[in-house]
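# Analysis of the macromolecular model
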Amino acid sequence: GRGGPPRAQSSYSREPSRGRSFQESVSSVPVNVRFLPEQSALSGLVRQVASTKRAYPLIDLASILMSKPGCCFVKLDVDSPSPEATLYQCKECRTISSDRGQVESHIMSDHVAVYFDIDEVEGEKPSGTFVCVAKCGYSGILLGPPNHHSYAESVRRLHTARFSNMDFITYKERIQLSHNPEDVERWKEEASKSVQYRLKEGSEEEREPMVLTNAERDMREHVIPRMVAVTKRAVVSEDIAHGIKDQGIKRALRDEWQRESRFPLKVSFALRAAFKHKHLHVFKAGKGKGVNFVTAVEPVPLDPSVAIPSIKEVLSYLRENPGCTRQQMVQALRPEAEADSDDVKALLQPLYWLVDRGHIIEFFNGTLSVPLGRH
């Protein structure tokens, strides 16, 4: 029907869970958000329209794209004339932010394995007596005793890897202390296993094992400068868009998704251009300003007065009764005939040719009409 398919819930609109207090660093760079049809999803719609030779409402096809995950790309444009207003994008996975530091932290935490082989090495358990151990208030990960030399580094590393979109002071306030001896022993067991990082490429000397801080220093000096792109425009997949941490961009994504989910006007405009590029035909039909439809068959008006009698009868009836079905036409023109009679078959026989030539438009719901003029 005209309402289109049910809407799928989008993670653009989800709020942080589990009581997180996120830093409200709204992007200082305003962005325009557009949803564009993904190529494989577009090809599926083109095949559907072409194979059935029926006319489909453009807005309903746009609703299908908005309701199914992965059917759209997301286009982001900086909406500011200022030359300082830019976006920063990770070249590895295409995630984007208005904050360069946020992208750098993302590369450090999410892409270290692209450049380093990571190995876990067994060692000695920490010696000494520990009466408590700190625990992340969000993930439950053990951070170590506050008086242990590794504690500060553990807090910083976990914050960078998992909670970089949260204010560091707010994150530290949620750290808990556990006096449970089992937690202390579990931390000792975990702390006995160290992680070594070895460059995947380079000389033997360059590929010597290193600890995380040295690996991060190497990435900061040699990897990050060439892995951050500065741009005014970006196109990313829905999966990447869902993972964007920049609060301002997330808010713009959520607002545009909600608008287009209610009425996908901009997506329908994008579809219109894409369909024309694929040699499909877009026309308007209906009362008032009409509704945009797309079909694989170009609508071509045919004057009933120049047609043979069997075709003239069908065209004339549809001119007077647009939007009727085959069954309604048969009942009106052959009220006494059986559905499978030769008389009914003769009436319907020209219909297939007329639809194929565009002299009759068959709509998605089986209704029929004739093109009356320019479309």
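This one's a predicted model, so the numbers in the text were calculated from it and none came from an experiment.

## Some points on the environment of Val230
Topologically, Val230 is positioned in strand β11 (residues 228-231). Each C-alpha atom of the pair Val230 and Arg100 lies 8.8 Å from the other, and the pair is 130 residues apart in sequence. For Val230, the contacting residues outside a window of four places in its chain are Thr86, Leu87, Tyr88 and Arg100.

## Regarding the packing of aromatic side chains
All chains considered together, the criterion is met by nine aromatic pairs. Judged by centre distance (5.3 Å) and plane angle (80°), the rings of Phe130 and Trp187 are edge-to-face. Separated by 57 residues along the polypeptide, Phe130 in the loop between β6 (116-122) and β7 (133-135) and Trp187 in helix α7 (residues 181-191) bring together distant segments of the chain. Both residues of the pair, Phe130 and Trp187, count as buried. Both rings, one in Phe283 and one in Phe293, keep their centres 5.8 Å apart while their planes meet at 20°; by these two values the pair is stacked. Of this pair, Phe283 sits in strand β13 (residues 281-285) while Phe293 sits in strand β14 (residues 291-295), and the two are ten residues apart along the sequence. On the basis of relative accessible area, Phe293 is assigned to the buried category, the value being 9%. Site record: aromatic cluster; members linked through ring pairs are Tyr138, Phe163 and Tyr171.

## What to know about the environment of Ala55
Among the secondary structure elements, Ala55 is positioned in the loop between α1 (39-52) and β2 (56-57). Overall, Ala55 belongs to the buried group, its relative accessible area being 1%. For the pair Ala55 and Phe283, spaced 228 residues apart in the sequence, the C-alpha separation amounts to 9.2 Å. With near-sequence residues (within four places) excluded, Ala55 lies in contact with Phe283, Phe293, Val294, Thr295, Ile361, Glu362, Phe363 and Phe364.

## Some thoughts on the confidence of the model for the protein
Should the pLDDT be low somewhere, the predicted coordinates at that spot are not to be read in detail. The predicted model of the protein averages 88 in pLDDT, with 92% of residues at 70 or higher. Note on residues 1-11: pLDDT under 50 across the span, and 22 contacts to partners over four residues away in sequence or across chains.

## Structural notes on the state of the cysteines
All chains considered together, the criterion is met by zero disulfides. This cysteine, Cys72, is not joined by any disulfide, and Cys71 carries the nearest cysteine sulfur, 6.6 Å off. The exposure class assigned to Cys72 is buried, which follows from its relative accessible area of 2%. With no disulfide of its own, Cys132 has Cys136 as its nearest cysteine by sulfur position, at a separation of 16 Å.

Cut-offs used in this document
- Residues numbered from 1 in each chain as written.
- Predicted model: local features only at pLDDT ≥ 70, side-chain atom pairs only at ≥ 80, totals over all residues.
- Heavy atoms only, no water.
- Helix = DSSP H or I, 4+ residues; strand = E, 2+ residues; numbered from the N terminus.
- Contact = heavy atoms within 4.5 Å.
- Phe/Tyr/Trp six-rings, centres within 6.5 Å; stacked < 30°, edge-to-face > 60°.
- Buried < 20%, exposed > 50% of the residue type's maximum accessible area, 1.4 Å probe, protein only.
- pLDDT = per-residue confidence, 0-100.
- Disulfide = S-S within 2.5 Å.

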